[in-house]
Amino acid sequence: MTQSKPNRPLQVLQLTDPHLMADPHGELLGVNTRDSLDAVIAQVQVDGREPDLILATGDLAQDSSAEAYQVLTDRLAQFACPALWLPGNHDDAVVLGHAAGAVGGQKQLVMGGWQFLLLDSSVPGHVHGELSDRELAFLERALARSPELPTMIALHHHPVDVGSRWMDNIGLRNRDAFWAIVDRFPQVRVVLWGHIHQPLDQQRGDVRLLASPSTCIQFAAGSADFAVADLAPGYRWFELHPDGALATDVVRAENFEFSIDLDSTGY
Ligand SMILES: Nc1ncnc2c1ncn2[C@@H]1O[C@@H]2COP(=O)(O)O[C@H]2[C@H]1O
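Conventions used here
Residues numbered from 1 in each chain as written. Predicted model: local features only at pLDDT ≥ 70, side-chain atom pairs only at ≥ 80, totals over all residues. Heavy atoms only, no water. UniProt positions renumbered as here; feature names shortened; annotations may be inferred. Axes fitted to C-alpha atoms, helices over the stretch in contact; angles between N-to-C directions. Helix = DSSP H or I, 4+ residues; strand = E, 2+ residues; numbered from the N terminus. Parallel < 35°, antiparallel > 145°, perpendicular 65-115°, else oblique. Contact = heavy atoms within 4.5 Å. Nonpolar A, V, L, I, M, F, W, Y, C, P; charged D, E, K, R; others polar. Expected span 1.5 Å × (residues − 1). Buried < 20%, exposed > 50% of the residue type's maximum accessible area, 1.4 Å probe, protein only. Arc of directions from axis to C-beta. Polar contact = N/O pair within 3.5 Å; in protein donor to acceptor, adjacent residues only side chain to side chain. Pairing = 2+ DSSP bridges. Phe/Tyr/Trp six-rings, centres within 6.5 Å; stacked < 30°, edge-to-face > 60°. Lys NZ or Arg CZ within 6 Å of the ring centre and 35° of its normal.

The name recorded for the protein chain in an unreviewed UniProt entry is 3',5'-cyclic-AMP phosphodiesterase, from Marinobacter xestospongiae. A UniProt comment under Sequence similarities (unreviewed entry) is attached to the protein chain, and it reads "Belongs to the cyclic nucleotide phosphodiesterase class-III family."

Below, the structure is given as structure tokens:
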């Protein structure tokens, strides 16, 4: 079991949806995705936060290129902690797996008295998500084996509707199968995802449902049709106590100047 620093709760950084590209000048709707990730990482450092673990929750590359994943590896090397990677709809799970390596590609980690389970909800060639029978079996097995460990489950796609028609069409399709497992295991404290490029904080029984800003562009909350928001990129932070208690907050990059195409109808 990997240990966190003594006498403090486990500190976890979520970075999601960086949409990195092989081209150093690569932009999403006018925002250079390398620059915005750098701004978010700079903000983590300005905030004096030293993570024990990083969770990178999908759409790590926009173009599935090895070069894009190498950029992420290089950026995360600024932190002296492991980073776990999971794929989103823009990723190639095989290329990502090679780039993440043995540590980053782990689907299960116990650290600081918590268990982290990472699921691959990507469906090649599609924007929506689905958990394969294999992923569901892995989830059920892992939860059955460790009933005593407070658990965070991370995946890319949203397993609940988020109040936005266009996004509700591209979430996790077989969410009923997912919840049928999760609902049986009271040690699950958090389900965390990316994909929706906006913060969300809800409760399902004892489970905290959390989503987070992208490290590049943001989607407008509550919009029926595709719409972006003029909000800065950001990160989510967790403090996780071994008894299952937790604190979390979202922070946006303060000094990132960008100009996003607010009239965009998609990409
Ligand atoms: N106008 C649109 N309507 C529906 N989906 C869209 C639209 N534009 C882009 N998308 C897809 O919705 C996805 C949401 O986040 P992604 O970054 O995964 O990639 C986006 C596109 O694949």
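From this point on, the discussion continues.
J.: Help me understand the packing of helix α4 (residues 133–145) against helix α6 (residues 175–182) in this model?
T.: Relative placement of two packed helices is described by the angle separating their axes and the distance separating the axes. The interhelical angle for the contact between α4 and α6, taken along N-to-C directions, is 10°, at an axis separation of 10 Å. With respect to α6, the axis of α4 lies roughly parallel. Counted together, Leu136, Leu139, Glu140 and Leu143 of α4 and Ala177, Phe178, Ile181 and Val182 of α6 form the full contact between these two elements. In terms of residue class, the contact of α4 with α6 is made up of seven nonpolar, no polar and one charged.

J.: Help me understand the UniProt feature "domain: Calcineurin-like phosphoesterase" (unreviewed entry) in the protein chain in this model?
T.: The positions UniProt marks with the feature "domain: Calcineurin-like phosphoesterase" (unreviewed entry) are residues 11–199. Along residues 11–199 the backbone is 33% helical and 20% strand, and the end-to-end C-alpha distance reaches 19 Å.

J.: Sorry, what's going on with α4 here?
T.: For an α-helix the count is 3.6 residues per turn, leaving residues at separations of three or four pointing the same way. For α4, which comprises 13 residues, the first-to-last C-alpha distance of 18 Å matches the rise-based estimate of 18 Å (1.5 Å per residue) to within 8%. By the burial criterion, the buried members of α4 are Glu135, Leu136, Phe138, Leu139, Ala142 and Leu143. What you see down the axis of α4 is that its buried residues fit within an arc of 160°, all on one side. Of the residues in α4, the exposed ones pointing more than 90 degrees away from the buried face are Asp133, Arg134 and Arg145. Here the buried face of α4 lies against β6 (108–111), β7 (114–118), β8 (151–154), α6 and β9 (188–193).

J.: Sorry, what's going on with the side chain of His197 here?
T.: Positionally, His197 belongs in the loop between β9 and β10 (200–204). For His197, the side chain forms a polar contact with the side chain of Asp17, separated by 3.3 Å. Only 2.8 Å separates the side chain of His197 from the backbone oxygen of Ile217, close enough to count as a polar contact.

J.: Can you walk me through the sheet that holds strand β4 (residues 53–57) in this structure?
T.: Sheets are built from strands paired through backbone hydrogen bonds, the pairs being either parallel or antiparallel. Pairing is mixed across the open sheet formed by five strands, whose spatial order is β5-β4-β1-β14-β15. Both edges of this open sheet fall to β5 (83–86) and β15 (246–252), since each of them pairs with a single strand only. Sheet twist, expressed as the average angle between the axes of neighbouring strands with direction ignored, equals 20°. Bridging between β4 and β5 involves four bridges; their strand directions are parallel. Counterpart to Ile54 in the pairing with β5 is Ala83. The sheet strands contacting helix α1 (residues 33–46) are β1 (10–15), β14 (234–240) and β15, and the helix crosses β14 at an angle near 40°.

J.: Would you mind showing me how to read the packing of aromatic side chains here?
T.: What describes a pair of aromatic rings is the distance from one ring centre to the other and the angle between the planes of the rings. Across all of its chains, the model carries nine aromatic pairs by this definition. The interplanar angle of 35° and the centroid separation of 6.2 Å between the aromatic rings of Tyr69 and Trp85 together place this pair among those described as tilted. Of this pair, Tyr69 sits in helix α2 (residues 66–76) while Trp85 sits in strand β5, and the two are 16 residues apart along the sequence. Between Phe226 and Tyr267, the ring centres sit 5.9 Å apart and the planes meet at 75°, which makes this aromatic pair edge-to-face. Separated by 41 residues along the polypeptide, Phe226 in the loop between β12 (218–219) and β13 (228–229) and Tyr267 in the segment after β15 bring together distant segments of the chain. Owing to a relative accessible area of 17%, Phe226 belongs among the buried residues under this scheme. One aromatic cluster is present, formed by Trp166, Phe219, Phe226 and Tyr267 through successive ring pairs. When the ring centre of Phe138 is taken as reference, the NZ or CZ atom of Lys107 above it lies at 4.9 Å. Over the ring of Trp179 we find Arg204; its NZ or CZ atom is 4.1 Å from the centre of that ring.

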